[in-house]
Structures are given as structure tokens and as C-alpha cells.
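This is what each chain is made of:
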Amino acid sequence: MKVLFLTYHGFDDASGITKKMLAQIKGLRQNGHEVHVCTYDLTHSGDCCRFVDNAIIKNYGRGKIGAIRQRMGYGCIYDYCLSHQIEFVYVRHFMNANPFLVRLFRRLKQAGICCVMEVPTYPYDQEFHFLPFKHKVSLFFDKLFRRQLSAQMEAIVTFSDEKSIFGQRTISISNGIDLDKLPLHEPVDCSKEVHLIGVAEVHPWHGFDRLIRGIGEYYKAGHSKPVFFHIVGFVWPSEMEGTNHVPGFAPLIREYGIEKNIIFHGQLFGERLDEVFSKASFAIGSLGRHRSGITHIKTLKNREYAGRGIPFVYSECDSDFDGQSYVVKAVPDESPIDIKSIVEFIEHCDIQPKTIRSSVEKLSWKYQMQAILDKCKELGCLN
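Remember, it's a predicted structure, so these values are computed and weren't measured experimentally. (Residues numbered from 1 in each chain as written. Predicted model: local features only at pLDDT ≥ 70, side-chain atom pairs only at ≥ 80, totals over all residues. Heavy atoms only, no water.)

Visitor: I'd like to hear about helix α3 (residues 75-83), residue by residue, with values.
Guide: Turning to α3, its buried residues number three or more, namely C76, I77, Y78, Y80 and C81. In this fold, the buried residues of α3 make contact with β1 (2-6), β2 (34-42), β3 (47-52), β4 (55-62), β5 (88-92) and α4 (99-110). A positive phi of about 55 degrees marks Q85, the residue just after α3. (Buried < 20%, exposed > 50% of the residue type's maximum accessible area, 1.4 Å probe, protein only. Helix = DSSP H or I, 4+ residues; strand = E, 2+ residues; numbered from the N terminus. Contact = heavy atoms within 4.5 Å.)

Visitor: Please set out the sheet that holds strand β9 (residues 168-172) residue by residue, giving values where relevant.
Guide: Spatially, the 9 strands line up as an open sheet ordered β4-β3-β2-β1-β5-β6-β7-β9-β8, and their pairing is mixed. Bordering the open sheet on either side are β4 and β8 (164-165), each of which pairs with just one other strand. As paired elements, β1 and β2 share 5 bridges and run parallel to each other. By the bridge assignment, L4 is partnered in β2 with H36. Against the sheet, α4 engages β1, β5 and β6 (114-119), with an angle of about 160 degrees to β5. Sheet strands in contact with helix α13 (residues 365-379) are β5, β6, β7 (155-158) and β9, and its direction is about 125 degrees off that of β5. (Pairing = 2+ DSSP bridges. Axes fitted to C-alpha atoms, helices over the stretch in contact; angles between N-to-C directions.)

Visitor: Can you explain the packing of aromatic side chains? Please cite residues and give values.
Guide: The tally for this structure, following the rule as stated, stands at 17 aromatic pairs. Centroid distance Y122 to F166: 5.6 Å. Interplanar angle 80 degrees. Geometry classified as edge-to-face. Taken together, the residues span a long stretch of sequence, with Y122 in the loop between β6 and α5 (133-151) and F166 in the loop between β8 and β9 at a distance of 44 residues. Residue Y122 is classed as partly exposed on the basis of its relative accessible area, which comes to 22%. On the basis of relative accessible area, F166 is assigned to the buried category, the value being 10%. Ring plane angle 80 degrees and centroid distance 5.4 Å describe the contact between F140 and F141, whose orientation is recorded as edge-to-face. Through successive ring pairs, a cluster of aromatic residues spans F277, Y305, F312, Y314, F321 and Y326. Lying across the ring of Y78, R107 places its NZ or CZ 3.7 Å from the centre. (Phe/Tyr/Trp six-rings, centres within 6.5 Å; stacked < 30°, edge-to-face > 60°. Lys NZ or Arg CZ within 6 Å of the ring centre and 35° of its normal.)

Visitor: Give a detailed account of a nonpolar patch on the surface, specifying residues and quantitative values.
Guide: Side chains of V137, F140, F141 and L144 sit close together on the surface and give an oily, nonpolar patch of about 360 Å² of accessible area. Within the secondary structure, V137 sits in helix α5. For V137, a relative accessible area of 31% puts it in the partly exposed group. (Patch = residues over 30% accessible without salt bridge, like charges linked within 9 Å, V, L, I, M, F, W, Y side chains within 5 Å. Areas by Shrake-Rupley, 256 points an atom, 1.4 Å probe, with all protein chains shown as cover. Salt bridge = Lys/Arg side-chain N within 4 Å of Asp/Glu carboxyl O.)

Visitor: Before we move on, can you summarise the packing of helix α6 (residues 208-220) against helix α11 (residues 339-348) with the specific residues and values?
Guide: Packing of α6 against α11 brings their axes to within 8 Å, and their N-to-C directions diverge by 90 degrees. Taken together, the axis directions place α6 and α11 in an arrangement best described as roughly perpendicular. Here L211, G214, I215 and Y218 of α6 lie close against α11, whose contacting residues are I339, K340 and V343. Class assignment for the residues of the contact of α6 with α11 results in 5 nonpolar, 1 polar and 1 charged. (Parallel < 35°, antiparallel > 145°, perpendicular 65-115°, else oblique. Nonpolar A, V, L, I, M, F, W, Y, C, P; charged D, E, K, R; others polar.)

Visitor: Give me the pattern of salt bridges: which residues, what numbers.
Guide: A complete count under the given rule lists 18 salt bridges for this structure. Across the pair K20 and E118 runs a salt bridge, and its minimum N-O distance is 2.9 Å. A residue pair is termed long-range when its members are at least 10 positions apart, and K20 in helix α1 (residues 16-30) and E118 in strand β6 qualify at 98 residues. R303 is the partner of D318 in a salt bridge, and the nearest nitrogen-oxygen pair spans 2.8 Å. Residue D318 is found in the loop between β14 (312-314) and β15 (327-329), and its partner R303 is found in helix α10 (residues 300-308); the two are separated by 15 residues along the sequence. By the burial criterion, D318 is buried, and R303 matches it. One network of salt bridges, with partners in common, ties together K20, R92 and E118.

Visitor: With reference to specific residues and values, describe the sheet that holds strand β10 (residues 194-199).
Guide: The sheet built from 6 strands is open, its strands ordered β12-β11-β10-β13-β14-β15 with parallel pairing. Both edges of this open sheet fall to β12 (262-266) and β15, since each of them pairs with a single strand only. Strand-to-strand twist across the sheet, computed as the mean angle between neighbouring axes with direction ignored, equals 25 degrees. As defined by bridge partners, β10 adjoins strand β13 (residues 282-284) across 2 bridges and the pair is classed as parallel. Looking at β13, one finds that I197 is bridged to A283. This element, α11, spans β10, β11 (227-232), β13, β14 and β15 of the sheet and lies at about 105 degrees to β10.

Visitor: So what's going on with α6? Residues and values would help.
Guide: Here α6 spans 18 Å end to end across 13 residues, near enough to the 18 Å set by a 1.5 Å rise per residue. The first or second residue beyond α6 is G222, which carries a positive phi of 95 degrees. (Expected span 1.5 Å × (residues − 1).)

Visitor: Tell me about the pairing of β2, and please be specific about residues and values.
Guide: Each parallel crossover has a hand, and the one from β1 via α1 to β2 is right-handed. The pairing of β2 with β3 spans 5 bridges and is antiparallel. Bridge pairing links L42 to C48 in β3. Linking two consecutive strands that pair antiparallel, namely β2 and β3, is a turn of 4 residues; a positive phi of about 95 degrees is found at G46 within it. (Right-handed = clockwise from strand over helix to strand, strands pointing away.)

Quick look at the structure:
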């Protein structure tokens, strides 16, 4: 089957989102499908262009005019789908619903092309409380048109347990992993010190401030075993200094005098990321999803940690991991994370990395992406 994988931005080697999308594409191809990839990005000369398989299918020009044109000009995608006999379009929602996108997918639907839209996080409105005003403007327009856009889809792909999103039926799957890209973790000696790792483009819903405060309270209570928290990924200035919504990392670090215990690595990938993992004995998932009104979600990060074979903590409900012996569940509130209990868990955890990894083999993207196509066949929108 001929598939178009559509995203509204380009790829970035350091981005977890990029890694996920490339793994999804790989999963579709592993199932024998012919997959073409449509992206939007700037050329080296600054032209705003839409690409398919790295070939330009539309040049919108430069600057703000080009950026505006690309938000209105989706005819090139429709033309490509028809001329290349695309049967299935998989699109990743970018909170960018508008009347021009509605028209594109209405035309694709009328042409008999099956389209589904992945909504990576739901609900997501509250996440915009933490973002600058220009993003809130984007959300305003998205709210106006997202139900109309969803109506043109055959289904919404979700990693939640929601049965309906924006009035459209859902296909619920788990976030998948590409085990080929995840080296198996080696056990780490934690008898003298403990190293924790959190990998994310850090936002308030990751709740890393709870972990930092927890380390501060751990030392304040008189515990002596050194605990280090390695944060890998881009950290927004608002996260460092704090906002009206969440406390900042820097003030907390200063308050408790734990400057040496919190290590910021910035964005890492490949061998450099693996090197930081090699020091760690425990990983940190999301600790603040309640801040954005989310209770049930199947995050990619939890699966990547399990794929590496490292135990981890999170606070949301995740049916793939709730109850697993290598998981610590944190309370979904604003309390500091209990570092003493995590240290004790690590000291007594004898689960081997390969055992953790084997528990998520069913979560490969090959399996998850084919499950979407199989469901579409069940619904009668694919042959």
C-alpha cells in the first residue's frame, strides 16, 4: 500500500519527536508498505518549502510571506497524493487546525483516500497556559477548526484511553519503540552514590522541579548518600527561573545548595546520550502531567526507558506499566518526590535490564503502526 506520512515541520536529529516519527515510518515500511514522507522546512537559502522525500514539491518564498503562504497552500499535498496514487495518509496533529487544512482533508476524503490524524497528547489545552502569547493565539484558531478538521478524518489516533476526540472516533494504541536504536542498559554500582537521569525537552508537565526539591529535602533530612540528577534536553529559561505556574529549577537549587547534584547536559543523542545513561541506575519520567489536566497517557519516554532496561518513576496512569515491578509510581500532586524511597528501591532492585526490555517487545512500532491500518480496514476505509 502507498502511504504518505505527513508532518508540518522538519526533522531534527536531537529531537525525541523526530526519533519517534522516523521509527513510525520504519514500522510502516517493516510491514511492507511504500511510505513517502512529507515535511515543511527552510532551505539553506531561506526559502519556505514543502518536501516529499527531501524533494521540493512547493516553494512558498521567503520570510513572513512565505511562512503565511505555507499555512494556506496545501494544494501541493493533494496533487501529490493523486498523482502518486496514495491510499493512506497518516498525519501528526500540530495544534494548527485552520480552514485551509480542513479543505485539504475534505478533498482527500472525497478522493477516497483514507486519512487518520495522530493527536500525541490529549487533552492539550492546559499545556498552553505555560507558553508565550503567540502560542495561545495558535490555540485559539485550533479550537475554532479542530472539530471540522477531525470530521474529515476516518479516526483519531491516540495514546490515551479516550473513545472520542473532537467528536471523532479514536484508534487507541501505545506509544511504540524502536528497540534497534536503544542499547541495553548495563547495571550500575550504586553502593556509594546514585545517579538519576531525565531525558526531555523540559516543560512544566515533566515536573522535574518536584525531583529537584525532593533531592533538596533528602539532604535536609540528613541523608548522606550522594544523589545526582542528570537532565538531558533543552531547558526553557522559564523552567530555570520559574513562572507564576511552576517553581524554577535555579531558585530551588540555590535554596537547597545542591548545585553539584543537578547536572544540565543540554541536548544529546547517539553515543553521547548513551554515555550519560551508562552512569545512571534509575530514570525519571513525567512527574507533572496533572498540571495539564492529564491522568491517563502512554508516553514515549516511559517506553524508551523500558526498552533500554532501566527502572523509572512517573506519576500518570499508564496501563502498559502500572504494576510493573521495575516501576515506582509517584503521587500526582505538587509534593517533593521521596528520594529516600527511590534510593531504597534502587538498592534492592535486582531486575535485570534484559527482563525489563523483554516486557516491551510487543510495543515495537512495527506492531503499533500495523494495528492502526488493521483497524482502518475493520472500519471499512481501507481495502
